[in-house]
Amino acid sequence: MANIHVELGERSYLIHVASNNLQCLTSLLPDLKQSILVVSNPTVSELYFSQLRESLSGHRVVLFNMEDGEQYKSLKSFESVTNRLIEEGFSRDCAIIALGGGVVGDLAGFVAATYHRGVDFYQIPTTLLAQVDSSVGGKTAINHPQGKNLIGAFYQPKAVVIDLNCLMTLNERDYRSGLAEIVKYGIIYDAEFFCWLEKHTDKLSQRDEQTLQYAIQKSCQIKAEIVAQDERESGIRAWLNLGHTFGHAIEAATEYGTWTHGEAVAAGTIIASKLSEKTQRMSSSDFRRVLNLLSALKLPIKAPHMPLANWLSYMQRDKKVKDNRINFVLPVGIGRAEVTNATTDEEIAAVLTECC
Ligand SMILES: NC(=O)c1ccc[n+]([C@@H]2O[C@H](COP(=O)([O-])OP(=O)(O)OC[C@H]3O[C@@H](n4cnc5c(N)ncnc54)[C@H](O)[C@@H]3O)[C@@H](O)[C@H]2O)c1
Ligand SMILES: [Zn+2]
């Protein structure tokens with residue numbers, strides 16, 4: 001299972017997962033154009049750009065460093081990258097490579113989708129979250145002052161290259177944040193994988209290479225299967241938002257500063273699972289397993305306190321609201337999920353009291 005195939009007809013592509021992949025890029029990036037813009041940030045390019053450039057010798061490689069941080073996934077950065085492409089004389093016949101976490105990937109992908117109405121795009125994700133989630137599936141976006149990811153496009157990369165070595169330089173919190181999304185795949189789609197995660201929490205915490213190789217491949221495989229069934233999120237792809245409606249409320253309430261995305265998703269997953277337990281979608285023993293796994297991975301399992309009205313108001317602003325009703329992704333046992341808006345404010349209030 002070394003390569004994962006994302007099956008999307010003529011937009012199909014491979015995800016390569018291995019250590020040292022940065023050193024063999026020419027063989028992994030198909031039909032790579034001569035002129036390449038690498039979008040990265042100073043933190044990541046300092047660590048990995050020279051390897052990348054060496055690996056692509058023979059190509060014209062230009063580096064664009066955006067500033068590091070979610071607040072730079074902005075219209076302003078979008079404009080700066082586009083200006084750079086024009087200044088450097090890049091034609092339609094060029095490629096854009098994202099070298100970085102989800103912020104770099106989302107912005108670079110959106111530029112690739114729009115420059116000359118679309119140029120070749122490749123993802124080299126360097127955070128765990130980007131490797132198992134944001135680099136796969138073709139969602140690209142930038143933020144607007146009025147909201148996260150308000151401007152964007154579905155635009156698939158031509159390949160995703162994951163180098164496990166990149167994970168060794170991640171700080172502890174960013175690393176653990178990625179683990180929250182890995183747990184999500186087990187809960188919504190694969191009970192066996194969930195069991196495997198339960199048995200490998202120590203190895204995951206130690207960033208053991210073989211364990212990571214399997215966990216990342218499996219996560220990408222699951223995301224690839226879901227995206228192949230529902231590229232534009234009219235059905236099952238929404239399951240990937242497990243824990244995110246509550247999680248986004250936590251992130252917004254704390255002004256995107258104190259909680260990482262993965263931490264908020266972990267606490268949000270507990271709330272969603274509690275709601276499932278309360279509404280008989282999940283047994284109490286399965287709920288405990290979710291709780292125990294996330295806590296063994298040292299992710300937060302308690303959300304911050306805030307009044308119900310605040311929770312509801314943040315969640316109403318989330319994209320998942322249709323006809324004024326909040327859609328929740330709720331686990332059905334372990335291994336499946338469903339989207340429902342048939343929950344009452346009383347049920348939500350009760351689980352929030354228990355989980356905050
Ligand atoms: N497109 C999608 O489907 C999708 C899915 C999930 C999340 N996202 C987006 O992803 C973004 C979050 O991504 P993220 O969690 O990767 O955050 P990030 O891109 O901000 O990276 C986190 C930090 O790690 C640093 N970093 C990256 N790689 C490193 C490495 N190998 N070693 C050391 N430091 C490194 C970065 O410079 C940054 O400071 C959000 O904007 C979110 O909206 C998109
Ligand atoms: Zn997420």
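Definitions and limits used
Residue positions are given per chain, counted from 1 along the sequence in the order it is written. Lettering of chains starts at A and numbering of ligands starts at 1, both following the order in which they are written. The model is predicted, so local features are restricted to residues of pLDDT at least 70 and side-chain atom pairs to those at 80 or more, both for listing and for counting; the totals for chains, interfaces and linings are taken over all residues. Computation of side-chain values: all heavy atoms of the structure, hydrogens and water removed. UniProt positions are given in the numbering used here, feature names are shortened, and annotations may be inferred rather than shown by experiment. Any N, O or S atom lying within 2.8 Å of the metal counts as a donor, and for Na, K and Ca the limit rises to 3.2 Å; water is left out, so some sites can look incomplete. The way it works is that DSSP assigns letters per residue, a run of H or I at least four long becomes a helix, a run of E at least two long becomes a strand, and they are numbered from the N terminus. When we say a residue is near a molecule or strand, we mean one of its heavy atoms is within 4 Å of it. Distance and chemistry together define a polar contact, namely a pair of N or O atoms within 3.5 Å, with one atom able to donate a hydrogen and the other to accept it when in protein, and with adjacent residues in sequence counting only for side-chain atoms on both sides. In short, Shrake-Rupley with a 1.4 Å probe defines the accessible areas, and a residue's cover is counted only from the protein chains shown. A pair of strands is considered paired only if DSSP assigns at least 2 bridges between the two. Where helices are involved, their axes are fitted lines through C-alpha atoms of the stretch in contact, as for all axes, and angles between N-to-C directions lie from 0 to 180°. Residue contacts follow a heavy-atom distance rule, with two residues in contact if any of their heavy atoms lie within 4.5 Å. Domain delimitation follows an automatic or database domain assignment. Put simply, buried area is how much 1.4 Å-probe accessible surface two parts lose in total, over both of them, once they are put together. The term salt bridge refers to a side-chain nitrogen of Lys or Arg lying within 4 Å of a carboxyl oxygen of Asp or Glu.

The protein is annotated in an unreviewed UniProt entry as 3-dehydroquinate synthase of Idiomarina baltica. The UniProt entry for the protein carries the following comment under Catalytic activity (unreviewed entry): "7-phospho-2-dehydro-3-deoxy-D-arabino-heptonate = 3-dehydroquinate + phosphate". You can read under Pathway (unreviewed entry) in the UniProt record for the protein the words "Metabolic intermediate biosynthesis; chorismate biosynthesis; chorismate from D-erythrose 4-phosphate and phosphoenolpyruvate: step 2/7."

What follows is about the coordination of the zinc ion (ligand 2). Coordination sphere of the zinc ion (ligand 2), protein contribution only: E181 (OE), H244 (NE2) and H261 (NE2), at 2.0 to 2.1 Å. In primary sequence terms, the donor set of the zinc ion (ligand 2) follows E-x62-H-x16-H. Residue H244 is located in helix α10 (residues 244–253), and its partner H261 is located in helix α11 (residues 261–278); the two are separated by 17 residues in the primary sequence.

In the neighbourhood of ligand 1, 25 residues make up the surrounding shell, with D68, E70, T126, T127 and T169 lying closest. Here an oxygen atom of ligand 1 and a side-chain polar atom of K73 are 2.9 Å apart. Between T126 and ligand 1, the recorded distance is 2.7 Å, taken from a side-chain N or O atom to a nitrogen atom. Isolated, ligand 1 exposes 870 Å² of accessible area, and the fraction of that covered by the protein chains is 86%. At the level of secondary structure, the elements contributing two or more residues to the shell around ligand 1 comprise α2 (42–55), α4 (102–114), α5 (128–134) and β8 (147–154).

What follows concerns the sheet that holds strand β1 (residues 3–6). With mixed pairing, 7 strands are arranged side by side in an open sheet as β1-β2-β9-β6-β5-β3-β4. Each of the sheet's edge strands pairs with one partner strand only, and the pair in question is β1 and β4 (60–65). The sheet shows a mean angle of 20° between the axes of neighbouring strands, taken without regard to direction. Taken together, the 6 bridges between strand β5 (residues 94–100) and strand β6 (residues 120–125) define a ladder with parallel strand orientation. Within the sheet, the bridge partner assigned to L99 lies in β6 and is I124. Where helix α3 (residues 75–87) meets the sheet, its contacts fall on β3 (35–40), β4 and β5, and the angle it forms with β4 comes to roughly 155°.

This next bit is on the domain arrangement of the protein. We note that the domain assignment places domain 1 (3–169) and domain 2 (172–355) within the protein. For domain 1 versus domain 2, the distance between C-alpha centres works out to 26 Å. With 25 residues of domain 1 at the contact, the number on the domain 2 side is 26 residues. Here domain 1 and domain 2 share an interface that buries about 2,500 Å² over both sides, 63% of which is from carbon and sulfur atoms. Contact with domain 2 buries area across many residues of domain 1, yet L128, V132 and F154 alone supply 24% of it, more than any other trio. Here domain 1 is connected to domain 2 by 4 salt bridges. K139 is the salt-bridge partner of E233, the closest N and O atoms lying 2.5 Å from each other. Where domain 1 packs against domain 2, one counts 11 residue pairs in polar contact (both at pLDDT 80 or more). Among the secondary structure elements, those contributing two or more residues to the side of domain 1 that touches domain 2 are β1, β2 (13–18), α5 and β8.

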